[in-house]
Amino acid sequence: MAKKEEVKVPHVVPDTDLEKKIAEAFEVFDHSGKQVVDVREIGTILRSLGCCPTEAEIQEVILRTENKEATGNVPLAYFMPYMAKAMMEHRFYPASAEVLLASFRYFDTEGRGFLTKERFTKLMLEEGEPFTQEEFDEMMQTALDPVTDTVMYEYYINQLMVTPKTVYDIADVEVFPRRDLIVHYVEDEVSVTAEQLK
């Protein structure tokens, strides 16, 4: 049986705070230690960075960063520059408290300030882009008031908004992308070149 040829991808060392945060999230799922993850981990990595992508956006990230010679894998060398640029552009940014409140109020047709557990469950698991059962169960740990068995949405939104400094905050202060590694995205092709910018 022929041995599968290993495709060489440049090893990258993050040098900005944003790159370091992206690399840290990536490395949690890099089980081989070769700066490569399975494409199925990309959604989890994005969410661990504080991103809120749709499934279509996750597929777009995979399409743009997947190693074309070794499909099913995403190298850090492709992922890090793509995500740094995306985060500086505030792509996949979580909704604001105002948008969340307006959304909850839209579904609270009686203006009671809460949604029943049943209504919230139906919305999260059956409407729009549904959450997985695991995602929903995790959300309910914070969202559901155990006394009233309802989702008091203003309180829940306040819980969501209490967060430490996010990676987007770091992206906002980083002016220049990495200068020694340039990833070119031309249609569906990705090429990595190391060059110094003057």
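See the structure shown above.
Description of the structure in this document. Since we're looking at a predicted model, the values are computed, not measured. (Residues numbered from 1 in each chain as written. Predicted model: local features only at pLDDT ≥ 70, side-chain atom pairs only at ≥ 80, totals over all residues. Heavy atoms only, no water.)

Within the secondary structure, Phe-26 is located in helix α1 (residues 17-27). Looking at Phe-26, the relative accessible area reads 0%, which means it is buried. Phe-26 sits 18 residues away from Thr-44 along the chain, and the two C-alpha atoms are 9.5 Å apart. Among residues more than four places away in sequence, those in contact with Phe-26 are Gln-35, Val-36, Val-37, Ile-45, Val-74, Pro-75, Leu-76 and Phe-79. (Helix = DSSP H or I, 4+ residues; strand = E, 2+ residues; numbered from the N terminus. Buried < 20%, exposed > 50% of the residue type's maximum accessible area, 1.4 Å probe, protein only. Contact = heavy atoms within 4.5 Å.)

Glancing now at the pattern of salt bridges. Counted according to the given criterion, the structure contains seven salt bridges. The closest approach of N and O atoms between Asp-38 and Arg-40, which form a salt bridge, is 2.8 Å. Taking the relative accessible area as the measure of exposure, Arg-40 reaches 68% and is therefore exposed. A salt bridge links Glu-89 to Lys-85, with the shortest nitrogen-to-oxygen separation between them at 2.5 Å. Among the residues examined, Glu-89 registers a relative accessible area of 43% and is labelled partly exposed. (Salt bridge = Lys/Arg side-chain N within 4 Å of Asp/Glu carboxyl O.)

Structural measurements only, silent on function.
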